[in-house]
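# Structural description and commentary
So the chains spell out like this:
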Amino acid sequence: MSACPCGLKDPYSECCEPFHTKQTLPATAELLMRSRYSAYALRLVDYLLYSHHPRQHGKNEKEKVKQAAEGVDFFRLEVLDTSQGQVNDKIGKVEFKAFYRHGTELGCIHENSRFKRYQGRWVYWDGELFESVSD
Ligand SMILES: [Zn+2]
């Protein structure tokens, strides 16, 4: 049993893997967000596209996502805040910090992500980055 990259207690096979293999759908925006973080960590480009609203895809989206996922190693996720995004909601927000390693450098993405329903399931819409303050 290996731990899920998203940081929840369940092993990967009982946490984000069923979402990645499309056996089940994440019930909340937070779970969808966690599954996208895990997909970045595991470089599951197809899932990252599938879980991003198709209307928000830019040109060469697949290549961009691939480069983003392959450029860094994500090693920790902290979910800081959520609003809406529950089973009966149509929109949701999740604020998180995703920590990564790039070569010998450590970095952090601090983002407020917005989620919507697409064909009944949660998908990522867009996100606002917080300015990173370095001490
Ligand atoms: Zn997980």
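Data block above holds the structure.
Reference entry: report on the structure contained in this document.

### Focus: the coordination of the zinc ion
The reference angle at a metal is 109.5 degrees if four donors form a tetrahedron and 90 or 180 degrees if six donors form an octahedron. The coordination sphere of the zinc ion contains the protein donors Cys4 (SG), Cys6 (SG), Cys15 (SG) and Cys16 (SG), at a distance range of 2.2 to 2.4 Å. Of note is the zinc ion, whose four donor atoms meet at the metal with angles of 102 to 118 degrees in an arrangement that counts as tetrahedral. Spacing between the donor residues of the zinc ion along the chain follows C-x1-C-x8-C-C. Residue classification places Cys6 among the buried positions, given a relative accessible area of 1%. For Cys15, a relative accessible area of 9% puts it in the buried group.

### Quick word on the environment of Cys16
By secondary structure assignment, the location of Cys16 is in the segment before α1 (17–20). Along the primary structure Cys16 and Cys4 are separated by twelve residues, whereas in three dimensions their C-alpha atoms are 6.9 Å apart.

### A short note on helix α2 (residues 29–42)
Counted at 1.5 Å a residue, the expected span for α2 with its 14 residues is 20 Å, and the 20 Å between its end C-alpha atoms agrees. Of the residues making up α2, those classed as buried are Ala29, Leu32, Met33, Arg34, Ser35, Arg36, Tyr37, Ser38 and Ala39. If you follow the buried residues of α2, they end up packed against α1, α3 (45–50), β1 (73–84), β2 (91–102), β3 (105–118) and β4 (121–129). Positive backbone phi, at 60 degrees, marks Arg43, one or two positions downstream of α2.

### Some thoughts on the layout of surface pockets
Estimates place the volume of the largest pocket at around 470 Å³. For the lining of the largest pocket, a count of residues per class yields twelve nonpolar, four polar and four charged.

### Quick word on the sheet that holds β2
What the four strands build is an open sheet, ordered β1-β2-β3-β4; its pairing is antiparallel. Only two strands of the sheet have a single neighbouring strand rather than two, namely β1 and β4. With direction set aside, neighbouring strand axes in the sheet form an average angle of 30 degrees. Relative to β2, β1 runs antiparallel, the two being bridged by ten bridges. Bridge assignment links Ser83 to a residue of β2, and that residue is Lys93. Relative to the sheet, α2 contacts β1, β2, β3 and β4, its axis offset from that of β1 by approximately 165 degrees.

### A few points about the nonpolar core
Of all hydrophobic cores here, the largest spans 26 residues; its most connected members are Cys6, Met33, Tyr37, Leu77 and Phe115. Every element with two or more residues in this core is listed here: α2, α3, α4 (61–71), β1, β2 and β4. Among the elements that take part in this core, α2 stands out by supplying five residues, more than any other. Beyond its immediate chain neighbours, meaning those up to four positions away, Leu77 contacts Cys6, Met33, Arg34, Tyr37, Phe96, Lys97 and Ala98.

The rules behind each value
Residues numbered from 1 in each chain as written. Predicted model: local features only at pLDDT ≥ 70, side-chain atom pairs only at ≥ 80, totals over all residues. Heavy atoms only, no water. Donors = N, O, S within 2.8 Å, 3.2 Å for Na, K, Ca; no water. Tetrahedral: all angles 85-135°; square planar, octahedral: opposite > 155°, others 65-115°. Buried < 20%, exposed > 50% of the residue type's maximum accessible area, 1.4 Å probe, protein only. Helix = DSSP H or I, 4+ residues; strand = E, 2+ residues; numbered from the N terminus. Expected span 1.5 Å × (residues − 1). Contact = heavy atoms within 4.5 Å. 1 Å grid on protein atoms, 1.4 Å probe; cavity = no way out; pocket = protein on both sides within 12 Å on 5 of 7 lines; lining within 4 Å. Points joined across faces, edges and corners; volume = space filled by probe spheres on them. Nonpolar A, V, L, I, M, F, W, Y, C, P; charged D, E, K, R; others polar. Pairing = 2+ DSSP bridges. Axes fitted to C-alpha atoms, helices over the stretch in contact; angles between N-to-C directions. Core = buried A, V, L, I, M, F, W, Y, C linked by side-chain atoms within 4.5 Å.

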